[in-house]
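Chain by chain, the residues:
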Amino acid sequence: MTRSHYVGDREIATAIFLAIRLHRPLLVEGHAGVGKTEIAKTLATALNTQLIRLQCYEGLDVSTALYEWNYAKQILRIRMEEQSSQSASEKEALIFSEPYLMARPLLQALRHASASPVLLIDEIDRADEEFEAFLLEVLAEYQVTIPELGSIKAEHLPYVVLTSNRVRELSDALKRRCLYLWIDYPSFEKELAIIRTRLPETEEALAGQICRFMEALRETDLDKRPGVAETLDWGRALSELNGTKLTPEVVRSTLGCVVKSKRDIERVQGSLTELLERAVVE
């Protein structure tokens, strides 16, 4: 994980290790921006294999996630075969065959030819419950059923990582099929290590101030508390501005990197003095 520039801890490392050895899907839940998606990217890098990503959203269906038929190509073939002596069943078998199948992320992962890929099912909590139910066969058996072709089972079992921001509660059936990992906001020491790893050009004193400010900010009553992603965005912004110390002027001008609503900006500005007192320790 360190070689892949991911700052984790023993709990995260153990969960990934067991997901690999037991070949069980890993369900990662936590606040937005704490590094859930990065676990899948790190796993793919560490195993030197392909990352296949399925981004979930409301209304996601099988044709988008698993497969669909190339209708334009099928219609063209039907027209070409109009004068053919083949029977209707033979023509149907022809157009519902491999050359006309368009594989989407789930099917791509199951049919990966050379090695086990990493399949990232990102933000599964945003998908509908019906799609979640459809996933159960994939997660339990590493296979899917396509009516025209039958069951397709993975030759190289993919490593599956599911992430959730807890927009809704996931079903017990899904959770039973997965190992579980909760990632919380990082401690000061861990967040400082993340900045050192991802933003090595950031001065040590400024990195410490950023981490203390973020730690204090997450204790503030905000609509959306910032995650590590916002910490890194802010660190990059301050580096671009050649910042060496947090000041009221610097924080106000870059606050949009950290908080993402007018109401939260007003709350932070109202308590900026107290936040800076905690962050800037002489």
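Our subject is the structure that appears above.
One numbering rule holds for all chains: residues counted from 1, following each sequence as written. Two thresholds apply to this predicted model, a pLDDT of at least 70 for residue-level local features and 80 or more for giving and counting side-chain atom pairs, whereas whole-chain, interface and lining totals are computed over all residues. Side-chain measures were taken over the full set of non-hydrogen atoms in the model, leaving aside hydrogen atoms and water.

### Side note on the overall build of the chain
In this description a helix means any DSSP run of H or I spanning at least four residues, a strand means any run of E spanning at least two, and both kinds are numbered starting from the N terminus. Regarding its fold elements, the chain presents 14 helices and 9 strands. Counting only C-alpha atoms and orienting by the principal axes, one finds that the chain spans roughly 85 × 40 × 35 Å. Think of it in three bands: residues with accessible area under 20% of the maximum for their type are buried, residues over 50% are exposed, and the middle band is partly exposed, with areas taken using a 1.4 Å probe on protein chains only. For the chain, the residues scored as buried account for 45% of the 282 residues in total. If you take every contact in the chain between residues at least 6 apart in sequence, the share linking residues at least 24 apart comes to 75%. Every residue pair with non-hydrogen atoms within 4.5 Å of one another is taken to be in contact.

### Topic: the packing of helix H13 (residues 262-270) against helix H14 (residues 272-279)
Between N-to-C directions, angles cover 0 to 180 degrees, with each direction set by a line fitted to C-alpha atoms, over the stretch in contact for helices. Running from amino to carboxyl end, H13 crosses H14 at an angle of 65°, the nearest separation of the two axes being 5 Å. One way to sum up the angle between H13 and H14 is to call them roughly perpendicular. Here Val 268, Gln 269 and Gly 270 of H13 come into contact with H14, specifically with Leu 272, Glu 274 and Leu 275. All residues other than Ala, Val, Leu, Ile, Met, Phe, Trp, Tyr, Cys, Pro, Asp, Glu, Lys and Arg, Gly among them, are scored as polar; the first ten of these are nonpolar and the last four charged. Partitioned by chemical class, the residues of the contact of H13 with H14 number 3 nonpolar, 2 polar and 1 charged. When an angle is under 35 degrees it counts as roughly parallel; over 145 it counts as roughly antiparallel; between 65 and 115 it counts as roughly perpendicular; any other value is oblique.

### Let's talk about the pattern of salt bridges
Whenever a carboxyl oxygen of Asp or Glu lies within 4 Å of a side-chain nitrogen of Lys or Arg, that contact is scored as a salt bridge. Within this structure, the stated rule accounts for 18 salt bridges. Ionic pairing is found between Arg 198 and Glu 38, a salt bridge with its closest N-O pair at 3.2 Å. In this pair, Arg 198 sits in helix H9 (residues 188-198) while Glu 38 sits in helix H2 (residues 36-47), placing the two residues 160 residues apart along the sequence. Of the residues examined, Glu 38 reaches a relative accessible area of 25% and is grouped as partly exposed.

### Side note on empty space enclosed by the protein
Here a cavity is any set of points on a 1 Å grid over the protein atoms alone where a 1.4 Å probe fits but cannot get out, and a pocket is any open set with protein on both sides within 12 Å along at least 5 of 7 lines; a residue lines the site when it has an atom within 4 Å of a point. Grid points are joined across faces, edges and corners, and a volume is the space filled by probe spheres set on the points. By the definition in use, this model includes 1 cavity of 30 Å³ or more. In this structure, the largest cavity occupies an estimated 30 Å³ of space. Ala 19, Ile 20, Arg 24, Leu 26, Leu 43, Tyr 159, Val 160 and Val 161 are the residues that line the largest cavity. Secondary-structure elements contributing two or more residues to the lining of the largest cavity are helix H1 (10-22) and strand E8 (159-164). In terms of residues, the lining of the largest cavity owes the most to one element, E8, which gives 3 residues. Looking at the lining of the largest cavity residue by residue, the class counts come to 7 nonpolar, no polar and 1 charged.

### Observations concerning the nonpolar core
Side-chain atoms within 4.5 Å link the members of a nonpolar core, which is a set of buried Ala, Val, Leu, Ile, Met, Phe, Trp, Tyr and Cys residues. Counting residues in each nonpolar core, the largest one holds 35 residues, and the members touching the most others are Leu 106, Leu 107, Ile 121, Ile 124, Phe 131 and Leu 162. Mapped onto this core, the elements with two or more residues apiece are strand E2 (51-55), strand E3 (67-69), helix H6 (105-110), strand E5 (118-122), helix H7 (129-141), strand E6 (143-146), E8 and helix H8 (172-176). Ranked by residue count, the leading element in this core is H7, at 5 residues. If near-sequence neighbours (up to four positions away) are discounted, Leu 162 is found in contact with Pro 25, Leu 26, Leu 27, Val 28, Ile 121, Ile 124, Leu 139, Leu 174 and Cys 178. Formed by 30 residues, the second largest nonpolar core is a distinct cluster that contains Ile 194, Met 214, Leu 222 and Trp 234.

### Focus on the layout of surface pockets
A volume near 460 Å³ is recorded for the largest pocket. The wall of the largest pocket is formed by 26 residues, among which Gly 33, Val 34, Gly 35, Lys 36 and Glu 38 lie closest to the centre. If you list the elements that add at least two residues to the lining of the largest pocket, you get H2, H9 and helix H11 (228-240). Among the elements that take part in the lining of the largest pocket, H11 stands out by supplying 5 residues, more than any other. Classifying every residue of the lining of the largest pocket by side-chain character gives 10 nonpolar, 6 polar and 10 charged. There is about 190 Å³ of room inside the second largest pocket. If you trace the second largest pocket, you find it lined by Met 1, Arg 3, Ser 4, Ile 16, Ile 20, Thr 42, Leu 43, Thr 45, Ala 46 and Leu 47. Mapped onto the lining of the second largest pocket, the elements with two or more residues apiece are H1 and H2.

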